[in-house]
Every structure is written in C-alpha cells, then in structure tokens.
Number of protein chains: 2
Amino acid sequence: MVNYPEQLDRTFAALVDPTRRAILARLEREDGASVSALAKPFAIKLPAVMKHLDVLAEAGLITRSKVGRTVTVRLSPEPMREAVDWLRRYERFWSASLDRLAAYAESKEIELQEKDR
Amino acid sequence: MVNYPEQLDRTFAALVDPTRRAILARLEREDGASVSALAKPFAIKLPAVMKHLDVLAEAGLITRSKVGRTVTVRLSPEPMREAVDWLRRYERFWSASLDRLAAYAESKEIELQEKDR
C-alpha cells in the first residue's frame, strides 16, 4: 500500500458515516457479500448504498469483484491499521484515568479498614 | 460522557482534517496551549484555526477556558476511546497477516536448511 498523508484523511472520512461503518462491521464477520445482500438491512435505496461502497473503495477499505452479474464486496482492512496507530497515542490518558480510579478505590478500602479497627 | 450514536460520527469527522489532527497531537504532548500558540505552526489564518477548534470542541475532543484575554485549549481525549474500540475489531486481520508472514519465513528457512544438506 502506498502511504501518502491523505490516506488517513480518507480513512477517517470513510468512517464518519454510520451506514459505511455498518457495512465494514458486516464484512468483518462475513468473508465477502454481494451488493444486494449488503444493501438489504438499510432503509436507503440501492444507489445510495452503491455510493457508500464507492467511498469505501476509494479509501481502500473494500474491494469489489464481479463474476457474471454478481459483485462481491470484500473487506480490505489495512488502512484502518494506520488510523488505530494514530489514535493509540491517546491511550495513556485512559490508562491514567484507570490508575486514578484504582488509587481512589484503594484509598476507600483503607478508609473502610480503618473504620473496622 | 453521554454516549449517543452520533458521537462516533463526530469523532471521526473531527479527525478527517490534518490540521485538526496536528492540533490534537500537539495537545497530547503539551498540557494546555493558547489559541495563538496553537495557530503559529500553520500557514492558515487565525479565524480558520478557530473554526477547527470549534469542530474539535463540538466533538468533545478539546475544552477551552478563558482567563483574561487568553483562551487555553486542553485535550479531552475520552471520545477517541470509542473510536479506538470501534477500530480494534479489525486487529485480528493484521495479526493474521503477521501469522502468514511468519509461516512464510519459516517455510523459507526450512527450504534453506534442506539445500544445505
């Protein structure tokens, strides 16, 4: 995969829409699905689903292959790796708040033990 | 934090823009920065930076506090946690490709050992 800076822009832009996230989530569970099968759960029309698939394909998050009249859509998760890596730097804040929570719980326990004496 | 479905939409939408990502990355390293200090590295004008800060604040990713004439911007990373959690489900694909790479390396090693005999 060529990794130019705009890739991350396109990955996050593709993930903004809940319909596109739902399509990616389904393709994570199923190894390939037809366009019509993917469109079925949504209240929107087929052309609208096709547009979402275009956005996902342009972001490199899905591939489409045609056999006869059936287009099979498959997940191409690689670009999401960079997105996770980008977000990972903030993890220390969550573990820091977990640390504070643990310290708080510990202080409460000591308080209770002191009351029991 | 109230967690309604649109939060994830807004988090990813806030992350689409490289200027906004750069602001978040800076606030990850510095505990609070003034708006003018944040604007300095960018070629865009102050009102454009202010608009980016509005988007980040609406997504709950930063807080702004005013003392005198100085507005201090701070990181509020909590919404990014949900975004990481959402993306995590795809991790198995990357570890799967690492597994395949390891298997390939192993097969090559065996090949080499056989040639040495």
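Residues numbered from 1 in each chain as written. Chains lettered and ligands numbered in written order. Predicted model: local features only at pLDDT ≥ 70, side-chain atom pairs only at ≥ 80, totals over all residues. Heavy atoms only, no water.

Draft legend 1. The arrangement of the interface of chain B and chain A in detail. On the chain A side, the residues contacting the 29 residues of chain B number 29 residues. Here chain B and chain A share an interface that buries about 2,800 Å² over both sides, 67% of which is from carbon and sulfur atoms. Where chain B touches chain A, the interface holds six salt bridges. With a shortest N-O distance of 2.3 Å, glutamate 91 of chain A and arginine 88 of chain B are connected by a salt bridge. In this structure, the connection of chain B to chain A is made through ten residue pairs in polar contact (both at pLDDT 80 or more). For the side of chain B that touches chain A, the secondary structure elements donating two or more residues are α1 (6-15), α2 (18-29), α5 (78-88) and α6 (91-116) of chain B. No other element matches α5 of chain B, which puts eight residues into the side of chain B that touches chain A. Of the residues that constitute the side of chain B that touches chain A, the class distribution is 20 nonpolar, no polar and nine charged. (Contact = heavy atoms within 4.5 Å. Buried area = accessible area lost by both parts, 1.4 Å probe. Salt bridge = Lys/Arg side-chain N within 4 Å of Asp/Glu carboxyl O. Polar contact = N/O pair within 3.5 Å; in protein donor to acceptor, adjacent residues only side chain to side chain. Helix = DSSP H or I, 4+ residues; strand = E, 2+ residues; numbered from the N terminus. Nonpolar A, V, L, I, M, F, W, Y, C, P; charged D, E, K, R; others polar.)

Draft legend 2. Summary view of the pairing of strand β2 (residues 62-67) of chain B. Residues and elements named next belong to chain B. As defined by bridge partners, β2 adjoins strand β3 (residues 70-75) across six bridges and the pair is classed as antiparallel. If you follow lysine 66 over to β3, its bridge partner there is valine 71. Hairpin connection of β2 to β3: two residues between the antiparallel strands, including glycine 68 at a positive phi of 65°. (Pairing = 2+ DSSP bridges.)

Draft legend 3. Geometry of the relation of the copies chain B and chain A. When chain B is brought onto chain A, the operation consists of a screw motion whose angular component is 180° and whose axial shift is 0.1 Å, with 0.1 Å RMSD remaining. Those values place the two copies in the arrangement expected of a two-fold rotation axis. Closest to the rotation axis within chain B is the C-alpha of phenylalanine 12 of chain B, separated from it by 2.7 Å. (Least-squares fit on C-alpha atoms with pLDDT ≥ 70 in both.)

Draft legend 4. Just the pattern of salt bridges, in detail. Summed over all chains, the structure comprises 16 salt bridges over all chains. A salt bridge links arginine 64 of chain A to aspartate 54 of chain A; the nearest nitrogen and oxygen atoms lie 2.9 Å apart. In this pair, arginine 64 of chain A is assigned in strand β2 (residues 62-67) and aspartate 54 of chain A in helix α4 (residues 46-58), connecting sequence segments ten residues apart. Overall, the relative accessible area of 39% leaves arginine 64 of chain A in the partly exposed class. Overall, aspartate 54 of chain A belongs to the partly exposed group, its relative accessible area being 33%. What emerges from the salt-bridge pattern is a single network uniting Arg88 and Glu91 of chain A together with Arg88 and Glu91 of chain B. (Buried < 20%, exposed > 50% of the residue type's maximum accessible area, 1.4 Å probe, protein only.)

Draft legend 5. Looking closely at α5 of chain B. Residues of α5 of chain B that are buried: Pro79, Met80, Ala83, Val84, Trp86 and Leu87 of chain B. For α5 of chain B, the angular spread of the buried residues around the axis is 160°, confining them to a single face. (Arc of directions from axis to C-beta.)

Draft legend 6. Fine view of the sheet that holds β2 of chain A. All names here are of chain A. Strand order in the open sheet formed by three strands is β1-β3-β2, with antiparallel pairing between adjacent strands. Among the strands making up the open sheet, the edge pair consists of β1 (33-34) and β2. Packing of helix α2 (residues 18-29) onto the sheet brings it into contact with β1, β2 and β3 (70-75), and relative to β3 it is tilted by some 85°. Of the strands in this sheet, β2 and β3 touch α4, which is tilted by about 120° from β2. (Axes fitted to C-alpha atoms, helices over the stretch in contact; angles between N-to-C directions.)

None of this, on its own, says anything about what the molecule does.
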